[in-house]
Amino acid sequence: MCWRIWNLARQKKQLEGEQAQWKAKRRQEREKGRREAVADMSEDLSEGEKGDTVSEMSSLGESTRGRLPRISSVETMEAWVSQQRGKKLYIVLISLHGLIRGENMELGRDSDTGGQVKYVVELARALGSMPGVYRVDLLTRQVSSPEVDWSYGEPTEMLTPISTEGLMTEIGESSGAYIIRIPFGPREKYIPKEQLWPYIPEFVDGALNHIIQMSKVLGEQIGNGRPVWPVAIHGHYADAGDSAALLSGALNVPMLFTGHSLGRDKLEQLLRQGRLSKDEINSTYKIMRRIEAEELTLDASELVITSTRQEIDEQWRLYDGFDPILERKLRARIKRNVSCYGRFMPRMSVIPPGMEFHHIVPHEGDMDGETEGSGDGKAPDPAIWTEIMRFFSNPRKPMILALARPDPKKNLTTLVKAFGECRPLRELANLTLIMGNRDNIDEMSGTSSSLLLSILKMIDKYDLYGQVAYPKHHKQSDVPDIYRLAAKTKGVFINPAFIEPFGLTLIEAAAYGLPMVATKNGGPVDIHRVLDNGLLVDPHDQQAIADALLKLVADRQLWAKCRANGLKNIHLFSWPEHCKTYLSRIASCKPRQPRWLRSDDDDDENSETDSPSDSLRDFHDISLNLRFSLDGEKNDNKENADNTLDPEARKSKLENAVLSWSKGALKSTPKTWSSDKADQNSGAGKFPAIRRRRHIFVIAVDCDASSGLSGSVKKIFEAVEKEKAEGSIGFILASSFNISEVQSFLVSEGMNPTDFDAYICNSGGDLYYSSFHSEQNPFVVDLYYHSHIEYRWGGEGLRKTLVRWASSIIDSKGGNEDHIVVEDEDNSADYCYSFKVCKPGTVPPVKELRKVMRIQALRCHTVYCQNGSRINVIPVLASRSQALRYLYLRWGMDLSKLVVFVGESGDTDYEGLIGGLRKSVIMKGLCTNASSLLHGSRSYALSDVLPLDSPNVVQAAEECSSTEIRSLLEKLGVLKG
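*Asks:* Explain the overall build of the chain to me, please; I cannot follow it from the model alone.
*Replies:* Helix and strand counts for the chain stand at 33 helices and 28 strands. Among the 977 residues that make up the chain, the fraction classed as buried is 60%. Within the structure as shown, the chain displays about 40,000 Å² of accessible surface, and the carbon and sulfur contribution to it stands at 49%.

What follows is the structure in structure tokens.
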């Protein structure tokens, strides 16, 4: 026994040492990277400018240190609304996991249906009642499963508006707040959030479809016929943040994010407990995929909304993509119009969650002299009171109330132990534990049932029968009555969690006149600073918990003072106050929307002066545009018609302008051929050709152009030879090649450029269309695609940092220092910086390069491609899969009519190509070498994110024939047998 204890102690000490080393290494890496970033930004500043900038940083830091930000006044909000010049805003919120509905929320049903559900529903409802806001959509998962209520399968639910005291704007046909349930994942199965990752692309495609349709509807109602795009897309938690980032990039609209709880903080907490290894934690919680999603939200977000300052200073600073000091420095430079050299940091804003208090009347009486179910004409006591008080031998004693699901991090076992071992506290008070709903402990999840059994054993050990209540069921509508009962007995509310991101229940309790005892770790610190209505304790200190509870219960004068303070200051946490601040923060975000839909007036209003591609506006008349019909047919869009030119003149004007630009862009491209007349005639229709295809086949097989790719293209063409000739099926080539390499591939294989309708090049950094009308150059670049993906593109500042990084990767074996990575200027483009990898097996993994860039606040998407021989660096939200969503948005290409052909593995953006509403065909036996080389060093397994069980994904056998490919397409329902 002694040996076992000694061995366990040794293992624990070793684990603690490894954790300390890991943290120290991460800290050193972040500090080194950020020192380099600051040095880069400082190199062009004069000494005077440096001093001014440091001074501004100091003032910015002082303005937010140690307190909650001041809530905006009604006058400020009304002034902002008046500045909207009659605009009516459309806001999209996203919260994916758990069970979400507007009424009778099943909070505590499981670990996914908790405070976040209540928060997002009430936020949507409150925003929908604010002036200037026309519609709010809360997007979540549609669950049509026999194990949950039917209401979660309803596609739409309107949220009844709250009382707004005359602030409600005019009501229209689609105005207000709605829950929109998007089907994704297993159709008849309710699954936990850890298993949702493979189905995120399916949600994104469904949500994109809804937003586009709703924008058109709102355009008819309030936009004078022009689409009304969301003013912001707000993701809640990591899974919704990942989705919001993709939607924000696809639509080119601002993104907001609220974490609720963060993966890096949870990982450290679990490692500190020592029960699970890092691999076991990742297997259980998919924690590394969650952390990568949170890093992506930092890359994409304009604004991160937190509940407390602690969340920024202690939790977000753990991430590669955020540093409070660097963020303040960048903000100061932007304010002074000083260059940030391509570096961007999301703005952090503390906005405490809100609550509705207009219906709450704090109880002024107590239990003395009252009888249960009074017969003097008063309303009978709520049923939940009877359910709770039946546990107590003396129900008139003050009630200590804890309201939390049975989760180890809520620390309820320490609370019960503190109560059981403090005899004075047991004599003065009762303890009530509201721990969700259950029918049978054995049917609960392993963690929850284990914790509940531990609590029951403690009740038995300390003989707490008659002093502790733990009811099995309660409805969400019972919660106010539970607070009232605790206040009526002059009780105390306690939140003893190890760490609490905010603590909404503390605010609810204060609104009902309950003093609080709360953890000193996290949000309760800020809440206590505002309300001053209780005591903070160390959640690990059992004696401190007991002493604080005893002090409040025993000292009636202190209890009354805390109650009065809470009721006096609680209005600072109301939903209207929250929404006023929230909307003012949105107003400070730079407006963005799809560029080709702007009017001339919008160009002035929404101009992005710091954008590296402002010059693209000069090409307004030469970019691809719905205003022109290249085949001479009359365009159906009357708004975009140009009646001053005949069809041939319009066609000539647009194409000649585009080609004059593309000649310069493709100066290194060899002269090619023109299509024959038959091809030109078959191309009659609206430009581009993908608009009239019934199905689109996307060939994204990441093989060498001379081997696997060539054979795959020919097999696929042969499989649908008839449909290809008819024109019902079109093709897109999506690859890491630049347009010159694409052209060389077509020449070598004897193909025509018009065999493909579009070309997604440079891993998604460029988009071209094939043209029937040019003898000199058959490729037409989509300039608006560049303006669509340029968000946070670091330009020359990013390129210089990448070049420095490449020069630091050296192989020193054999006494020679050889560069492993070198810049590839010939294959680089404005929106894709390419690097050659001389020794693919020795280059650092993709996650390391992403980490280096994030630490220096450079936002980009790094893709290792061509079997590890090339690195493409493109804008952060650009990718081949995002280019397909752009084509849907721009040309109405139906995503459900897409079929994507991929290999068994591929480039490091491979995972984005599988899943979503589109169909996927995996060509087994192709690109197998890339698996271990490119994906083996990921922070998470590909199996965590690939929806291989989806009916939209099929796998072709190795060396399959064109006949077998056709059979698979029939199985997918693309072709008829």
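*Asks:* So what exactly am I meant to see when it comes to the pattern of salt bridges here?
*Replies:* Two side chains bearing opposite charge may form a pair once their charged atoms approach each other closely. Considering all chains together, one arrives at 43 salt bridges under this definition. In this structure, Glu741 engages Arg870 in a salt bridge whose closest nitrogen and oxygen atoms are separated by 2.6 Å. Taken together, the residues Glu741 in helix 27 (residues 739–748) and Arg870 in strand 25 (residues 870–874) connect sequence positions 129 residues apart. With relative accessibility at 23%, the residue Glu741 sits in the partly exposed group. Taking the relative accessible area as the measure of exposure, Arg870 reaches 5% and is therefore buried. A salt bridge links Arg880 to Asp909; the nearest nitrogen and oxygen atoms lie 2.8 Å apart. In this pair, Arg880 sits in helix 31 (residues 880–891) while Asp909 sits in the loop between strand 26 (898–903) and strand 27 (919–923), placing the two residues 29 residues apart along the sequence. Using a relative accessible area of 1% as the deciding quantity, one classes Arg880 as buried. Each member of the salt-bridge network shares a partner with another, and the members are Arg101, Glu106, Arg109, Asp110 and Asp149.

*Asks:* Please clarify how unusual backbone geometry should be interpreted in this entry.
*Replies:* Among all residues save glycine, negative phi is the norm, and among peptide bonds the norm is trans. Its identity as a non-glycine residue notwithstanding, His260 has a phi of 65°, on the positive side. Structurally, the position occupied by His260 is in the loop between strand 6 (255–258) and helix 7 (263–273). His260 gets classed as buried once you look at its relative accessible area, which sits at 19%. Of note in this structure, Asp532 is not a glycine but carries a positive phi near 50°. In this fold, Asp532 is placed in the loop between helix 18 (524–531) and strand 14 (534–537). Taking the relative accessible area as the measure of exposure, Asp532 reaches 39% and is therefore partly exposed.

*Asks:* Please explain the pairing of strand 17 (residues 758–761) as it appears in this structure.
*Replies:* Remark: a regular strand shows side chains that alternate across the two faces of the sheet. With burial as the criterion, each face of strand 17 is covered, one bearing Ala758 and Ile760 and the other bearing Tyr759 and Cys761. Taking the sense of rotation as the criterion, the β-α-β connection linking strand 16 (residues 729–734), helix 27 and strand 17 turns out right-handed. Relative to strand 18 (residues 766–770), strand 17 is paired through four bridges, and the arrangement is antiparallel. Bridged to Cys761 within strand 18 is Asp766. The antiparallel hairpin formed by strand 17 and strand 18 contains four residues in its connecting segment, where Asn762 sits at a positive phi of about 55°.

*Asks:* What exactly am I supposed to notice about the nonpolar core here?
*Replies:* For soluble globular proteins, the rule of thumb is that nonpolar side chains tend to be buried together. Formed by 127 residues in total, the largest nonpolar core has its most connected members in Ile94, Phe203 and Ile871. Among residues more than four places away in sequence, those in contact with Phe203 are Ile94, Leu96, Leu139, Thr140, Ile182, Phe184, Ser243 and Leu247. The next biggest cluster of nonpolar side chains, apart from the first, holds 74 residues, and it includes Leu403, Met435, Ile441 and Tyr512.

*Asks:* Help me understand the packing of aromatic side chains in this model?
*Replies:* By convention here, two paired aromatic rings are described through the distance between centres and the angle between planes. Counting across every chain of the model gives 18 aromatic pairs. Their ring planes at 70° and their centres at 6.0 Å tell us that Phe257 and Trp316 sit as a pair that is edge-to-face. Pair noted here: Phe257 is in strand 6 and Trp316 is in the loop between helix 10 (309–315) and helix 11 (324–335), with a separation of 59 residues, a long-range link. For Trp316, a relative accessible area of 0% puts it in the buried group. On the numbers, 5.7 Å between centres and 45° between planes, the contact of Phe717 with Phe756 is tilted. One end of the pair, Phe717, is in helix 25 (residues 708–719); the other, Phe756, is in the loop between helix 27 and strand 17, and 39 residues separate them in sequence.

*Asks:* Can you walk me through the side chain of Arg859 in this structure?
*Replies:* With respect to the helices and strands, the residue Arg859 is situated in the loop between helix 30 (846–855) and strand 24 (861–865). Residue class for Arg859 comes out buried when judged on its relative accessible area of 1%. Of note is the side chain of Arg859, whose polar atom sits 2.9 Å from the side chain of Asp299. Among the polar contacts made by the side chain of Arg859, one reaches the main-chain carbonyl oxygen of Gly321 at a distance of 2.7 Å. Look past the residues within four positions of Arg859 in its chain and what remains in contact with it is Leu298, Asp299, Gly321, Phe344, Met345, Pro346, Arg792, Arg854 and Val876.

*Asks:* Would you mind going over the environment of Ser962 with me for this structure?
*Replies:* Along the polypeptide, Ser962 turns up in helix 33 (residues 962–971). In the structure, Ser962 is positioned 247 residues away from Lys715 in sequence and 4.9 Å away in space, judged by C-alpha atoms.

*Asks:* Sorry, what's going on with the packing of helix 13 (residues 412–421) against helix 19 (residues 542–554) here?
*Replies:* Each pair of packed helices gets described by two things: the angle between the helix axes and the distance between those axes. At their nearest, the axes of helix 13 and helix 19 sit 9 Å apart, and the two run at 65° to each other. The handedness of the crossing between helix 13 and helix 19 is right-handed. Across from Thr414, Leu415, Lys417, Ala418 and Glu421 in helix 13, the residues of helix 19 making contact are Gln542, Ile545, Ala546 and Leu549. Of the residues in the contact of helix 13 with helix 19, the class split is five nonpolar, two polar and two charged.

*Asks:* Explain the sheet that holds strand 9 (residues 399–403) to me, please; I cannot follow it from the model alone.
*Replies:* The strands making up a sheet are joined through hydrogen bonds of the backbone, oriented either antiparallel or parallel. As summarised here, the arrangement of the six strands in space is 11-10-9-12-13-14, forming an open sheet in which the pairing is parallel. Looking at strand neighbours, the two that pair on one side only are strand 11 (468–469) and strand 14, the edges of this open sheet. Examined bridge by bridge, strand 12 (residues 492–495) and strand 13 (residues 516–519) share three bridges and lie parallel to one another. Across the sheet, the residue bridging to Asn495 is Ala518, located in strand 13. Strands in contact with helix 13 are strand 9, strand 10 (430–434), strand 11 and strand 12; relative to strand 10, the strand with the most contacts, it is inclined by about 165°.

*Asks:* Can you walk me through the sheet that holds strand 4 (residues 176–182) in this structure?
*Replies:* What the eight strands build is an open sheet, ordered 3-4-2-1-5-6-7-8; its pairing is mixed. Looking at which strands have only one partner, the edges of the open sheet turn out to be strand 3 (156–159) and strand 8 (347–350). Each strand axis lies, on average, 20° off the axis of its neighbour in the sheet, ignoring direction. For strand 7 (residues 303–306) and strand 8, the ladder comprises four bridges, and the chain directions are parallel. Counterpart to Leu303 in the pairing with strand 8 is Arg347. Those strands touched by helix 21 (residues 575–587) are strand 1 (89–94), strand 2 (133–141), strand 5 (232–236), strand 6, strand 7 and strand 8, and its axis lies near 105° from that of strand 1.

*Asks:* Would you mind showing me how to read the packing of helix 6 (residues 237–251) against helix 9 (residues 287–300) here?
*Replies:* At a minimum axis separation of 8 Å, helix 6 and helix 9 run at an interaxial angle of 45°. Comparing the axis directions of helix 6 and helix 9 gives the class oblique. As for the relative orientation of helix 6 and helix 9, their crossing is left-handed in sense. Together, Tyr237, Ala238, Gly241, Asp242 and Ala245 of helix 6 and Arg289, Arg290, Ala293, Glu294, Leu296, Thr297 and Ala300 of helix 9 make up the contact between the two elements. Along the lines of polarity and charge, the residues of the contact of helix 6 with helix 9 split into six nonpolar, two polar and four charged.

*Asks:* Got a minute to help me understand the environment of Ile211 in this structure?
*Replies:* Position of Ile211 among the secondary structure elements: in helix 5 (residues 200–222). Sequence separation of Ile211 and Pro230 is 19 residues, and the distance between their C-alpha atoms is 8.0 Å. In this structure, Ile211 is in contact with Tyr90, Val92, Leu139, Pro230, Ile233, Leu247 and Leu251, ignoring residues within four places of it in sequence.

*Asks:* Help me out: how do you make sense of the confidence of the model for the chain in this one?
*Replies:* Predicted coordinates in areas of low pLDDT are best not read in detail. Confidence along the chain averages 82 in pLDDT terms, with 77% of residues attaining 70 or more. Confidence over residues 164–169 falls short of pLDDT 50; this stretch has ten contacts with residues more than four positions distant or in other chains.

Rules used in this analysis
- Residues numbered from 1 in each chain as written.
- Predicted model: local features only at pLDDT ≥ 70, side-chain atom pairs only at ≥ 80, totals over all residues.
- Heavy atoms only, no water.
- Helix = DSSP H or I, 4+ residues; strand = E, 2+ residues; numbered from the N terminus.
- Buried < 20%, exposed > 50% of the residue type's maximum accessible area, 1.4 Å probe, protein only.
- Areas by Shrake-Rupley, 256 points an atom, 1.4 Å probe, with all protein chains shown as cover.
- Salt bridge = Lys/Arg side-chain N within 4 Å of Asp/Glu carboxyl O.
- Right-handed = clockwise from strand over helix to strand, strands pointing away.
- Pairing = 2+ DSSP bridges.
- Core = buried A, V, L, I, M, F, W, Y, C linked by side-chain atoms within 4.5 Å.
- Contact = heavy atoms within 4.5 Å.
- Phe/Tyr/Trp six-rings, centres within 6.5 Å; stacked < 30°, edge-to-face > 60°.
- Polar contact = N/O pair within 3.5 Å; in protein donor to acceptor, adjacent residues only side chain to side chain.
- Axes fitted to C-alpha atoms, helices over the stretch in contact; angles between N-to-C directions.
- Left-handed = near helix turned anticlockwise from the far one by under 90°.
- Nonpolar A, V, L, I, M, F, W, Y, C, P; charged D, E, K, R; others polar.
- Parallel < 35°, antiparallel > 145°, perpendicular 65-115°, else oblique.
- pLDDT = per-residue confidence, 0-100.

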